[in-house]
Amino acid sequence: MTKPAQEQGKSVFIRTYGCQMNVYDSERMAGLLKPLGYGVADAPEDADLVILNTCHIREKAAEKVYSELGRLKQIKTAKKTAGEELTIAVAGCVAQAEGPEIKARAPQVDITVGPQAYHRLPELLAKAARKDGAVLETDFAVEEKFDRLADRKADGPTAFVTIQEGCDKFCTFCVVPYTRGAEVSRSVDQITDEVRLLAGQGVKEITLLGQNVNAWRHAPPAGDAGDDWGLGELCRHLAKIDGIERLRFTTSHPRDMDDGLIAALGEEEKLMPYLHLPVQAGSDQILKTMNRGHTAEDYLRQIERIRAARPDIAISGDFIVGFPGETDEDFQATLDLVTEVEYASAFSFKYSRRPGTPGSVMQKQVPEALKDERLSLLQALLDVQRRSFNDAQRGRTLPVLFEKTGRHEGQLVGRSPYLQSVHVTAPKSMLGSIAPVKIKGVTPNALAGELDKRREAAA
Ligand code: SAH
Ligand code: SF4
Ligand code: F3S
């Protein structure tokens, strides 16, 4: 089919901020634009369309967008002088939360589109091209979104698949329930089709995504009687798809770790022994004002049950320091919880006041300098734990999925079951395959190893 002349040979540059769900969305936006004739550009200067896929989670993340828009304005002006055009689109969570502000602060933006409406990009581009003013689209049309995203091209042996969107938890610090809307689960059939399509293109590892991925719940596939499925059942089902060797899911909420999922973690070997289970804080008082819906003890008991089912599981988490009202004792409770759990990896943040969230107007905001102090203490402890987890791999033989070539000639980089990067000297022909690697070296952020020739020969 020939395309109209104006739709040929265009290119799009997409910059992605924020979480893995945005990474997934960016890939899908590129996929949507391809049939319109858009290739992918390596820099905004070379593009006809620039999309910033934005994150609103902390103030810094949101402010980055406006400084990037300043740079894009200059490129747009320079292009105009040269008789060329640059269309600028802001997608993602800042678009959802600050649509009208973007319009006021950055009139160079042509399209503002929320995370649940970007499947309408083709229409929005056409509208913007008619130059009838800036286009703003922030409907929560999540079901329509997934119905319209049919095709999918794999890019390497691992892939993300969003299975759940939105959040009903309303933690008092968090913008996600406002930017992504209510919890919605995709159907088993839709997810299975997408995973099959990817497996057919050589994908070996799938990471199922959702802001509350373990809140995923849906009726069984057509023809199957019985109750709704939870994430455990979905994982067991997807593990049967030919070609799929590894399954992961993120991010889980402690409240939604049900028995079915814990049993699946224990029994389904394709589920990798790595679980991101954020707790945010170790003090019951802070957990309560955060509206997390569980105590520190509840969380520790969950970890115990999970470790009983899957003893080799690596636990990762997220933490916030300096939430309003956090005393030295509260912060100490976080350190104590971390000491008890022993994390393999973790992300930690200073509390950031987000407009419109209950936390932002709470009394007893913690001074910035104290937040800094607490963050560095917490990070020092988490660092020691990460190093000791990595050190414990020395001398072990781990199955590694090779994902890409390394910086050095003849080197490949892959992932261990625990999501660690592993550097190995190996032929390029092994890209996309899983092989046993004997771990010889450990750096703070990665492992180095050698192909286990003996085991390979036996395999
Ligand atoms: N849905 C996930 C997390 C989503 S946001 C969950 O419930 O665990 C990712 C992380 O960002 C959160 O776990 C939290 O640690 C951090 N975060 C969210 N809002 C924040 C804020 N206002 N200030 C600092 N960190 C925040
Ligand atoms: Fe935000 Fe809490 Fe929902 Fe996670 S569970 S997305 S932290 S409101
Ligand atoms: Fe950020 Fe939105 Fe993800 S706020 S963390 S991009 S859901």
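By convention here, each chain's residues receive numbers from 1 onward along its written sequence. Each chain takes a letter, starting from A, and each ligand takes a number, starting from 1, following the order in which they are written. Selection of residues for local features in this predicted model requires a pLDDT of at least 70, selection of side-chain atom pairs for listing and counting requires 80 or more, and totals for whole chains, interfaces and linings are taken over all residues. As a convention, hydrogens and water are excluded, and side-chain values are obtained from all of the structure's heavy atoms.

## A few points about the sheet that holds strand β14 (residues 274-276)
- Strand order in this open sheet of three strands is β14-β15-β16, and the pairing throughout is parallel. The sheet terminates laterally at β14 and β16 (345-350), the two strands that pair on one side only. Looking at each pair of strands side by side, their axes are set apart by 10 degrees on average, direction ignored.
- Residues are treated as being in contact if the distance between any of their heavy atoms lies within 4.5 Å. Lines are fitted to the C-alpha atoms to define the axes, a helix being fitted only along its stretch in contact, and any angle between axes, read from their N-to-C directions, falls within 0 to 180 degrees. We count a stretch as a helix when DSSP gives it H or I for four or more residues in a row; a strand needs E for two or more, and each element gets its number in order from the N terminus. Across the face of the sheet, helix α13 (residues 368-391) comes into contact with β15 (314-321) and β16 while running at roughly 175 degrees to β16. Two strands are counted as paired when DSSP detects at least two bridges linking them.

## Here we look at the site of ligand 1
- Residues are counted as near a molecule or strand when any one of their heavy atoms sits within 4 Å of it. Taken together, 15 residues surround ligand 1, and among them F173, Q211, Q280, D318 and S352 come closest.
- Within the backbone of F173, a nitrogen or oxygen atom sits 2.9 Å from a nitrogen atom of ligand 1.
- Polar contacts, as used here, are pairs of N or O atoms within 3.5 Å; protein pairs need one atom able to donate a hydrogen and one able to accept it. Residues neighboring in sequence count only if both atoms are side-chain atoms. Q211 is positioned with one of its backbone polar atoms (N or O) 2.7 Å from a nitrogen atom of ligand 1.
- Relative to its unbound accessible surface of 540 Å², ligand 1 loses 90% to contact with the protein.
- When contributions to the shell around ligand 1 are tallied by element, the ones reaching two or more residues are β15 and β16. Only the protein chains shown count as covering a residue, and every accessible area follows the Shrake-Rupley method with a 1.4 Å probe.

## Details of the sheet that holds strand β3 (residues 49-54)
- If you trace the six strands from one edge of the open sheet to the other, you get β2-β1-β3-β4-β5-β6, paired in parallel fashion. With one partner strand each, in any of the chains shown, β2 (38-40) and β6 (135-137) form the two edges of the open sheet. Taken over all neighbouring pairs, the strand axes of this sheet differ in orientation by 20 degrees on average, direction set aside.
- Bridging between strand β5 (residues 111-113) and β6 involves three bridges; their strand directions are parallel. Across the sheet, V113 pairs through a bridge with E137, a residue of β6.
- Its contacts with the sheet put helix α2 (residues 59-81) on β1 (10-16), β3 and β4 (87-91), and the angle it makes with β3 is roughly 175 degrees.
- Helix-sheet contacts for helix α4 (residues 121-129) involve β2, β3, β4, β5 and β6, and the interaxial angle to β5 is about 155 degrees.

## Examining the nonpolar core
- Nonpolar cores are built from buried Ala, Val, Leu, Ile, Met, Phe, Trp, Tyr and Cys residues. Side-chain atoms within 4.5 Å join them into one set. Remark: exposure states derive from per-residue accessible area (1.4 Å probe, protein chains only) relative to the maximum for the residue type, with buried under 20%, exposed over 50%, and partly exposed in between. Counting 62 residues, the largest nonpolar core has I206, L208, F249 and Y343 as its most contacted members.
- Beyond its immediate chain neighbours, meaning those up to four positions away, I206 contacts A159, V161, V195, L198, I244, R246, L247 and R248.
- Among the nonpolar cores identified, the runner-up in size contains 22 residues, and V50, A61, V65 and L72 belong to it.

## So, the site of ligand 2
- Around ligand 2, the neighbouring residues are C167, K169, F170, C171, F173, C174, V176, P177, Q211, N212, H253 and R292.
- Classification used: nonpolar for Ala, Val, Leu, Ile, Met, Phe, Trp, Tyr, Cys and Pro, charged for Asp, Glu, Lys and Arg, polar for all others including Gly. Here the residues of the shell around ligand 2 are counted per class, giving seven nonpolar, three polar and two charged.

## A closer look at the packing of aromatic side chains
- For this analysis, a ring pair means two rings from Phe, Tyr or Trp (six-membered ring only for Trp) whose centres lie within 6.5 Å, classed as stacked if their planes differ by under 30 degrees, edge-to-face if by over 60, and tilted for the remaining angles. A full pass over the atoms with the stated rule returns five aromatic pairs.
- Ring centres of F170 and Y178 lie 5.6 Å apart, and the angle between their planes is 75 degrees; on these two criteria the pair is classed as edge-to-face.
- Residue class for F170 comes out partly exposed when judged on its relative accessible area of 39%.
- The interplanar angle of 90 degrees and the centroid separation of 5.4 Å between the aromatic rings of F389 and Y418 together place this pair among those described as edge-to-face. Here F389, found in helix α13, pairs with Y418, found in the loop between β18 (411-415) and β19 (421-425); they are 29 residues apart in sequence, far enough to count as distant. When sorted by exposure, F389 lands in the same class as Y418, which is buried.
- Connected via pairs of aromatic rings, a cluster forms that spans F173, F323 and Y351.
- Geometrically, a lysine NZ or arginine CZ counts as sitting over a ring once it is within 6 Å of the ring centre and also within 35 degrees of the ring normal. Over the face of the ring belonging to F349 we find R58, whose NZ or CZ atom lies 3.6 Å from the ring centre.
- The ring of Y66 is capped by R105, whose NZ or CZ atom sits 3.6 Å from the centre of that ring.

## Focus on the domain arrangement of the protein chain
- If you check the domain split of the protein chain, you get domain 1 (10-139), domain 2 (144-391) and domain 3 (397-458).
- A straight line from the C-alpha centre of domain 1 to that of domain 2 covers 28 Å.
- Every contact between the two is made by 24 residues of domain 1 and, on the other side, 30 residues of domain 2.
- Accessible-area loss on putting two parts together, using a 1.4 Å probe and summing over both, is the definition of buried area adopted here. In total, about 2,500 Å² of surface goes out of reach between domain 1 and domain 2, with carbon and sulfur atoms giving 53% of it. For the purposes of this description, domain bounds are those given by an automatic or database domain assignment.

## Notes on the side chain of T397
- By the element assignment, T397 lies in strand β17 (residues 397-405).
- Looking at T397, its side chain comes within polar contact range of the side chain of D452, at 3.3 Å.

## Thoughts on the environment of Q201
- With respect to the helices and strands, Q201 occurs in the loop between α7 (188-199) and β10 (205-209).
- When the C-alpha atoms of Q201 and R246 are compared, they prove to be 15 Å apart, with 45 residues separating the residues in sequence.
- Excluding anything up to four places from it in sequence, Q201 contacts R152, K153 and A154.

## Here's the deal with the pattern of salt bridges
- Salt bridges are defined as contacts in which a side-chain nitrogen from Lys or Arg sits within 4 Å of a carboxyl oxygen from Asp or Glu. As enumerated under the stated definition, the model contains 32 salt bridges in all.
- For D328, the salt bridge identified is with R374, shortest N-O distance 2.8 Å. Residue D328 is located in helix α12 (residues 328-341), and its partner R374 is located in helix α13; the two are separated by 46 residues in the primary sequence.
- Linked by salt bridges that have partners in common, E27, R28, R152, R186 and E194 make up one network.

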